[in-house]
Amino acid sequence: MLVRFLLASSLWFGIVYTTRASDTTKIQTPAGFSTSIIADDLGNARHIAAAPNGVLFIKLERLKNGKGILRLEDNNKDGIYETITGFGNFGGTGIAVKNGYLYASSNSEVYRYRLNDKFEVLDADKPELIVTGLVNKNQHESKSITLDNAGNLYINVGAPSNACQVADRTKGSPGQDPCPILETAGGIWRFRANKLNQSYSEGTHYATGLRNVVGLDWNSAINELFVMQHGRDQLAQLYPDLYNDKQSAELPAEEMFMIKEGSNCGWPYCYYDGQQKKKVLAPEYGGDGKKEDRCANMQKPVVAFPAHMAPNALLFYTGDKFPARYKNGAFIAFHGSWNRAPLKQEGYLVAFVPFSNGQPSGEWEIFANGFAGVAEVKSPRDAKHRPCGLTQGADGAIYVADDVKGTIYRITYNN
Amino acid sequence: MLRLFTARIIWPLLLILVVLLPMGINAVAGKKVSVNGQPLPKGSMERGKKVFEATCLTCHQADGSGVPRLNPPLIKSDYVTGDPVYLINILLKGLNDEIEVNGEYYGNPMPAQVQLSDQEIADVLTYVRNNFENKAKAITPAQVTAERKKLK
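Residues numbered from 1 in each chain as written. Chains lettered and ligands numbered in written order. Predicted model: local features only at pLDDT ≥ 70, side-chain atom pairs only at ≥ 80, totals over all residues. Heavy atoms only, no water.

Caption draft 1: Representation of the overall build of chain B in the model. Of regular secondary structure, chain B possesses six helices and two strands. Each helix and strand of chain B, placed in order from N terminus to C terminus, yields the pattern α-α-α-α-β-β-α-α. Residues counted as buried form 39% of the 152 residues belonging to chain B. Counting every atom, chain B has about 8,700 Å² of accessible surface; 64% of that belongs to carbon and sulfur. (Helix = DSSP H or I, 4+ residues; strand = E, 2+ residues; numbered from the N terminus. Buried < 20%, exposed > 50% of the residue type's maximum accessible area, 1.4 Å probe, protein only. Areas by Shrake-Rupley, 256 points an atom, 1.4 Å probe, with all protein chains shown as cover.)

Caption draft 2: Examining the state of the cysteines more closely. Residue and element names in this part refer to chain A. On inspection of all chains with the given rule, the structure shows two disulfides over all chains. A disulfide bridge connects Cys164 with Cys179, and the sulfur atoms are separated by 2.1 Å. When the S-S torsion is 90°, as for the bridge of Cys164 with Cys179, the disulfide is right-handed. Note that Cys164 is positioned in the loop between strand E12 (152–157) and strand E13 (187–192) and Cys179 in the loop between E12 and E13, a separation of 15 residues in sequence. (Disulfide = S-S within 2.5 Å.)

Caption draft 3: Seen up close, the sheet that holds strand E4 (residues 67–73) of chain A. Residues and elements named next belong to chain A. Reading across from one edge, E2-E3-E4-E5 is the order of the four strands in this open sheet, with antiparallel pairing throughout. Only two strands of the sheet have a single partner each, and these edge strands are strand E2 (45–50) and strand E5 (83–87). On average, adjacent strands in this sheet sit at an angle of 25° to one another, irrespective of strand direction. Bridging between E4 and E5 involves five bridges; their strand directions are antiparallel. Directly across from Arg71, in E5, lies its bridge partner Thr85. (Pairing = 2+ DSSP bridges. Axes fitted to C-alpha atoms, helices over the stretch in contact; angles between N-to-C directions.)

Caption draft 4: View of the nonpolar core. Core analysis: the largest hydrophobic core is formed by 39 residues, its most contacted members being Tyr103, Val131, Leu153, Ile155 and Cys179 of chain A. Counting residues per element, the ones that place at least two in this core are strand E7 (101–105), strand E10 (128–131), strand E11 (145–147), E12, E13, helix H2 (235–238), strand E19 (270–273) and strand E20 (278–281) of chain A. Once you skip the residues sitting within four places of it in the chain, Cys179 of chain A turns out to touch Cys164, Trp267, Pro268, Tyr269 and Tyr285 of chain A. If you look at the next biggest cluster of nonpolar residues, it comprises 27 residues, including Ile75, Ile121, Val124 and Val128 of chain B. (Core = buried A, V, L, I, M, F, W, Y, C linked by side-chain atoms within 4.5 Å. Contact = heavy atoms within 4.5 Å.)

Caption draft 5: Highlighting the pattern of salt bridges. For the structure shown, the criterion picks out 29 salt bridges over all chains. Linking Glu224 of chain A and Lys260 of chain A is a salt bridge whose minimum nitrogen-to-oxygen distance equals 2.7 Å. Of this pair, Glu224 of chain A sits in strand E16 (residues 224–229) while Lys260 of chain A sits in the loop between strand E17 (254–259) and strand E18 (263–264), placing them 36 residues apart in sequence. Residue Glu224 of chain A is classed as buried on the basis of its relative accessible area of 15%. For Asp403 of chain A, the salt bridge identified is with Arg69 of chain B, shortest N-O distance 2.5 Å. (Salt bridge = Lys/Arg side-chain N within 4 Å of Asp/Glu carboxyl O.)

Caption draft 6: View of the interface of chain B and chain A. If you look at the interface, chain B gives 32 residues, while chain A gives 26 residues. Summing both partners gives a buried area of about 2,500 Å² for chain B against chain A, and 55% of it is carried by carbon and sulfur. Across the chain B-chain A interface, the total number found is four salt bridges. There are 11 residue pairs in polar contact (both at pLDDT 80 or more) connecting chain B and chain A. Elements that contribute at least two residues to the side of chain B that touches chain A include exactly helix H1 (2–29), helix H2 (44–60) and strand E2 (104–106) of chain B. Here the side of chain B that touches chain A gets six residues from one element, more than from any other, and that element is H1 of chain B. Class assignment for the residues of the side of chain B that touches chain A results in 18 nonpolar, nine polar and five charged. (Buried area = accessible area lost by both parts, 1.4 Å probe. Polar contact = N/O pair within 3.5 Å; in protein donor to acceptor, adjacent residues only side chain to side chain. Nonpolar A, V, L, I, M, F, W, Y, C, P; charged D, E, K, R; others polar.)

Caption draft 7: Looking closely at the side chain of Glu254 of chain A. Residue and element names in this part refer to chain A. Relative to the assigned elements, Glu254 resides in strand E17. Lacking a salt bridge, the buried Glu254 has Arg211 as its closest oppositely charged neighbour, with an N-O distance of 6.4 Å. Ignoring anything within four residues of it in the chain, the contact list for Glu254 reads Gln229, His230, Gly231, Val303, Ala304, Phe305, Pro306, Ala307, His308, Met309, Ala310 and Pro311. (Lys, Arg positive; Asp, Glu negative; His and termini not counted.)

Caption draft 8: Spotlight on the side chain of Gln234 of chain A. Its place among the elements puts Gln234 of chain A in the loop between E16 and H2. Within the local environment of Gln234 of chain A, its side chain forms a polar contact with the side chain of Arg169 of chain A, the two groups lying 3.0 Å apart. In this structure, Gln234 of chain A is in contact with Asn162, Arg169, Ser248 and Asn339 of chain A together with Cys59 of chain B, ignoring residues within four places of it in sequence.

Caption draft 9: Representation of the confidence of the model for chain A in the model. For chain A, the mean per-residue pLDDT works out to 93, and 94% of the residues sit at or above 70. Contacts for the low-pLDDT stretch residues 1–24 of chain A, under 50 throughout, to residues beyond four places or in other chains number 37 contacts. (pLDDT = per-residue confidence, 0-100.)

Caption draft 10: Layout of the packing of helix H4 (residues 84–93) of chain B against helix H5 (residues 118–129) of chain B. All names here are of chain B. Where H4 meets H5, the axes come as close as 11 Å, and the angle between the chain directions of the two elements is 120°. With respect to their mutual orientation, H4 and H5 come out oblique. By crossing handedness, the relation of H4 to H5 is classed as right-handed. Along its contact with H4, which presents Pro84, Leu87, Ile88, Leu91 and Leu92, the element H5 presents Ile121, Val124, Leu125 and Arg129. Here the residues of the contact of H4 with H5 sort into eight nonpolar, no polar and one charged. (Parallel < 35°, antiparallel > 145°, perpendicular 65-115°, else oblique. Left-handed = near helix turned anticlockwise from the far one by under 90°.)

Caption draft 11: The packing of H5 of chain B against helix H6 (residues 141–151) of chain B, seen in detail. Residues and elements named next belong to chain B. Where H5 contacts H6, the two axes come as close as 8 Å, and the packing angle between them is 120°. It follows from the interaxial angle that H5 and H6 lie oblique. Crossing geometry of H5 relative to H6 is assigned as right-handed. Along its contact with H5, which presents Asp118, Gln119, Ile121 and Ala122, the element H6 presents Pro141, Val144, Thr145 and Arg148.

Caption draft 12: Local environment of the environment of Ser379 of chain A. Note on placement: Ser379 of chain A falls in the loop between strand E27 (365–368) and strand E28 (387–392). For Ser379 of chain A, the residues in contact, after removing those within four places along its chain, are Gln345 of chain A together with Gln61, Asp63, Ser65 and Gly66 of chain B. A polar side-chain atom of Ser379 of chain A sits 2.5 Å from a polar atom in the side chain of Ser65 of chain B.

Caption draft 13: Looking closely at H2 of chain B. Given a rise of 1.5 Å per residue, 17 residues ought to cover 24 Å, yet the end C-alpha atoms of H2 of chain B are separated by just 20 Å, more than 12% below that figure. Inspection of H2 of chain B places Ser44, Gly48, Val51, Phe52, Cys56, Leu57, Thr58, Cys59 and His60 of chain B among the buried residues, and these make up the whole buried set. Close packing links the buried residues of H2 of chain B with H2 of chain A together with H5 of chain B. Looking one or two residues past H2 of chain B, Gln61 of chain B carries a phi angle of roughly 70°, positive in sign. (Expected span 1.5 Å × (residues − 1).)

Caption draft 14: Summary view of the packing of aromatic side chains. Residue and element names in this part refer to chain A. Across all of its chains, the model carries 32 aromatic pairs over all chains by this definition. Summarising the aromatic geometry, the rings of Phe33 and Tyr326 are spaced 5.3 Å apart at their centres and angled 80° between planes, so their arrangement reads as edge-to-face. On the criterion of sequence distance, the pair formed by Phe33 in strand E1 (residues 33–39) and Tyr326 in the loop between strand E22 (311–316) and strand E23 (330–334) is long-range, its members being 293 residues apart. For Phe33, a relative accessible area of 9% corresponds to the buried category. By relative accessible area, which is 4% here, Tyr326 ends up buried. Put simply, the rings of Phe33, Tyr317, Phe322, Tyr326, Phe331, Phe352, Phe367 and Tyr413 touch in pairs and so form one group of aromatic residues. Just above the ring of Tyr101 sits the side chain of Arg112; from NZ or CZ to the centre is 3.6 Å. (Phe/Tyr/Trp six-rings, centres within 6.5 Å; stacked < 30°, edge-to-face > 60°. Lys NZ or Arg CZ within 6 Å of the ring centre and 35° of its normal.)

In C-alpha cells, the structure reads:
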C-alpha cells in the first residue's frame, strides 16, 4: 500500500507517466464492442474532451499534485496514453475543445486556454477568464459546459438546494414560492464564447426550472441543446405519509430535455413521475403525488430514466465507427445513485438512446455496464469506478472518465 | 486554499501513520477496548437505530459509509467519537463547511435536525457512537437539552 502510494506519487510529478492498466474490472458491452483502459489513477476525473488530433483533456474535481487539468497523448500509438501533463490551478468539472481553444470550468468560473496546432496549451499559467461569479454553495456546484456552432457557450448552474424549501432537506419546512434560487441558479445560462469577464448581467438566462444538470451536449444534427437533469431527492424522508421507501427510490424520473430559449422544466414546483408519465406537483407545493396543477404547462422530458441514477455526462455520437443505429444517438454516463437507500443502488453505467431526426426513436438501453466492479452496489462507496465523463475521440471511439479512481476507458467497435 | 496546501504536505506522513497506527494499537492494547466499561442506557441503541433509519440513513447510508465527496462516513469518524458538545451541535445547527473525514473531503451541507427531540438526538448519537466500528460514551438527553438552550 505504502510502496504503491510512493510509486504512484513520484511518477506522477514527472511529465511522462506509465499506466499500469492493471484494473481487471470487466465492462460488459453489446456484441462487437470492446473496452480497454487507456490511463489510470488520474484523480477525480470528471468531464473529458477530445481534440481532432486524438489528444484528450480531462478536468479533475480536485487538484492532484497541484494540477486541475490533464492533457493526455498516446505518442507511440499503442493504445495507452502515456504522455500526461498537468496545468490549471482550479478544480471543477466542465471541459471542451472548440475553435483553437480549450474551455474549462471551476465551480464558479469558466476559463479558456489557447491551443497550438498540436493541441498543446499555450500560456498554461494565463488562461482567459470568460465567465465569473456563478453561484457556488457546496451543493450541485459543478458547472458543466458545452458550445454551439455559433460562438455561444452554455453553462449549467445547479440549484444549491433539493426542493427550494425554506430550510433545505428539512422535514416540515415549506417550499418557497416563488423560489428565489431560480434567479441565479437552477437553470442554463448562455454567454459569448470569446468575450472576457462576463457575469450574469452579460449572459442570457437561457432555461429555468432545472434542479441540477451535469450532463449536457449541443446536438449538431439539429442545432439544439439537450440536457440531463438530476431529479429531486428524499420524498420518503420528507413526506413519509405520502411516499414509502420504494416509491422514494423510484421517484422522480431522471429527465432528458431538449431545451429552447425560455424553457421551464418545472423544478422545484414539479417533478416527473415516469409511471404516470406526467409532471406532478411537488409535496412542498401542496402536491399529493397525483395532482398536476401548474405542472401541466411545464416542459416535458424527451426521455425519462429511472430515479436517482445521476446522469453526469451526455454525448451525441456523430462518428461512423459504430454501427449505423448509433449515429446521432445519445450516450449518457450515469454516475450511480445514493438516494435509493435503503434499497440497493442503481446506475454506474453508460446508457444509449437511439435518435432519428433529432428525436429519440426507441427506448433507452444499457450500453456499457460493470464499472462498479461488484455484483450489487448497496452503498455508493462499494463502487470501484463511477462513469462521469464521456467524449467521442478523433478515432470514432468513445471515452469514459471515472471520478473514483481516475480510470479512462476506450470503447471501440470491431465488427 | 492554505488548508488544502498543508493537507497535501502532511498527506504522506498521515498515510504512514494510518498504516502503522493500527499495528501499534493492536500490539499495545490488544483487541476490544470498552469505553469505561459502562453499559449503554437501556433501549437507547434500539431507539437510536430507528431514528437513524428514518432520518440519517439516506445520506450516511445503512453501513455508515456515506457518499464519496458528498456526505461523510460515520465509520471511525473523530467527529462521531469526539467531543459530545460539538457532535450535538452538528445535529442542532447543521454543518456547512468543507470537512475532512479519514483523509477525504466532503462538501455538501448537512441540514439541522432540530425537529428531533432531545431524547431522539441522544439515542441516535449513542447509536452512531457505538456502531460502525465506533466505541464511545453514550449521549444523554440532558446534554442535548443543555446545548439546545444555548441556541436561543
